[in-house]
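# Summary of structural features
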Protein chains: 2
Amino acid sequence: MRPKHNTLTPQELEIMKLVWQRGAATVRDVYEVLLQRRKIAYTTVMTMMKILETKGYLKKRRQDRAFLYRPAHPKSQIIGGMIREFIDRVFNGSVEPLLVHLVKSRHLNEKDLQKIVRLVEESE
Amino acid sequence: MRPKHNTLTPQELEIMKLVWQRGAATVRDVYEVLLQRRKIAYTTVMTMMKILETKGYLKKRRQDRAFLYRPAHPKSQIIGGMIREFIDRVFNGSVEPLLVHLVKSRHLNEKDLQKIVRLVEESE
DNA sequence: TTTTTAGTACTAATTAATTAGTATGTCAAG
DNA sequence: CTTGACATACTAATTAATTAGTACTAAAAA
């Protein structure tokens, strides 16, 4: 059975990336990184992380005074869901047109292709 | 120079797909197709197509009483922009992790790979 | 000619996503 | 003990996306 749409909004994704990278993070951890990228309030980050928890992307437990957030699911699963959603939405579910585009736009060249050929060989 | 972010919202994309398919379409054409998929008002479709025109995705000219809308840019260019945006947002711009995911999740198999190998050979 | 139909223009309500303010509590430093 | 730093909870404003209503116009049908 096909798993339920698993898709993060852009800002949610930005935060999840940081949490995945670190394994676990507090609001402050995330806030400090985001602040270097753009103007943002501490409470904004807090709200977003609470939303991510509500939606089931993050789990929290108290560490000292603050909450420590961890991913509730492996990154690969969530990213996989996003790829699936993208392919469904843009290409009605078929991968091939995506690959054709990648090749034609030169995002995918001989070298990349070699890597992936090896990957498929390994995984079969 | 990297072209500006070219990205359609889900509903915009749904409409653009229909216009691309037909080459040109009136509000009514699109409305009738969408109505079979879900409950939607004629004026909703009209508003969306007007927005798409404002954003530069569609051009219109009058045909009899109604406007006939045509794509302002080739589909490949717009879809290419969406792929680029997705890869930037999800994979910080590198294609490889996308391919790795596709292979591991079995969305991409030996057969797909053969096709694309041939494509790359042709395009080089 | 009157009425109906099909279309547009303009306006606005609703929902989701994003952002952030205010009140409050607690711990630690002075 | 009081003050400041830091955290959460709760509330709310803003913006973008989506949806649709109402008024009006022109053509077609009766």
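Residues numbered from 1 in each chain as written. Chains lettered and ligands numbered in written order. Predicted model: local features only at pLDDT ≥ 70, side-chain atom pairs only at ≥ 80, totals over all residues. Heavy atoms only, no water.

### Some remarks on the environment of V117 of chain B
With respect to the secondary-structure elements, V117 of chain B resides in helix α6 (residues 110–122). When near neighbours in sequence (up to four residues on either side) are disregarded, V117 of chain B contacts L113 and V117 of chain A. (Helix = DSSP H or I, 4+ residues; strand = E, 2+ residues; numbered from the N terminus. Contact = heavy atoms within 4.5 Å.)

### Remarks on the interface of chain B and chain A
Where interface size is given, it is often the accessible area lost as the parts come together that is meant. Listed as interface residues are 37 residues of chain B and, on the opposing side, 37 residues of chain A. Each partner contributes to the roughly 3700 Å² buried at the junction of chain B and chain A, and carbon and sulfur atoms together form 73% of this total. Linking chain B to chain A there are 2 salt bridges. Residue E96 of chain A is joined to K115 of chain B by a salt bridge in which the shortest nitrogen-to-oxygen separation is 2.7 Å. (Buried area = accessible area lost by both parts, 1.4 Å probe. Salt bridge = Lys/Arg side-chain N within 4 Å of Asp/Glu carboxyl O.)

### Focus on the domain arrangement of chain A
Annotation of chain A at the domain level lists domain 1 (10–71) and domain 2 (75–122). A C-alpha centroid distance of 29 Å is found between domain 1 of chain A and domain 2 of chain A. (Domains from an automatic or database assignment.)

### Some remarks on the nonpolar core
Counting residues in each nonpolar core, the largest one holds 80 residues, and the members touching the most others are L102 of chain A together with L102 of chain B. With near-sequence residues (within four places) excluded, L102 of chain B lies in contact with I83, I87, V95, L98 and L99 of chain A together with H107 and L108 of chain B. (Core = buried A, V, L, I, M, F, W, Y, C linked by side-chain atoms within 4.5 Å. Buried < 20%, exposed > 50% of the residue type's maximum accessible area, 1.4 Å probe, protein only.)

### With respect to the protein's contact with DNA strand D
In the vicinity of DNA strand D there are 21 residues, among which R28 and R65 of chain A together with T9, K39 and T47 of chain B approach most closely. Protein-adjacent atoms of DNA strand D, using a 4 Å cutoff, are sugar or phosphate at a proportion of 62%. At 3.3 Å, a side-chain N or O of R38 of chain B approaches a phosphate oxygen of DNA strand D. In the environment of DNA strand D, a phosphate oxygen lies 2.9 Å from a nitrogen or oxygen atom belonging to the side chain of K39 of chain B. Secondary-structure elements contributing two or more residues to the surface near DNA strand D are α3 (42–54) and β2 (66–71) of chain A together with α1 (10–22) and α3 (42–54) of chain B. Counting residues per element, the surface near DNA strand D draws most heavily on α3 of chain B, at 5 residues. For the surface near DNA strand D, the class distribution of residues is 9 nonpolar, 6 polar and 6 charged. (Near = heavy atom within 4 Å. Polar contact = N/O pair within 3.5 Å; in protein donor to acceptor, adjacent residues only side chain to side chain. Nonpolar A, V, L, I, M, F, W, Y, C, P; charged D, E, K, R; others polar.)

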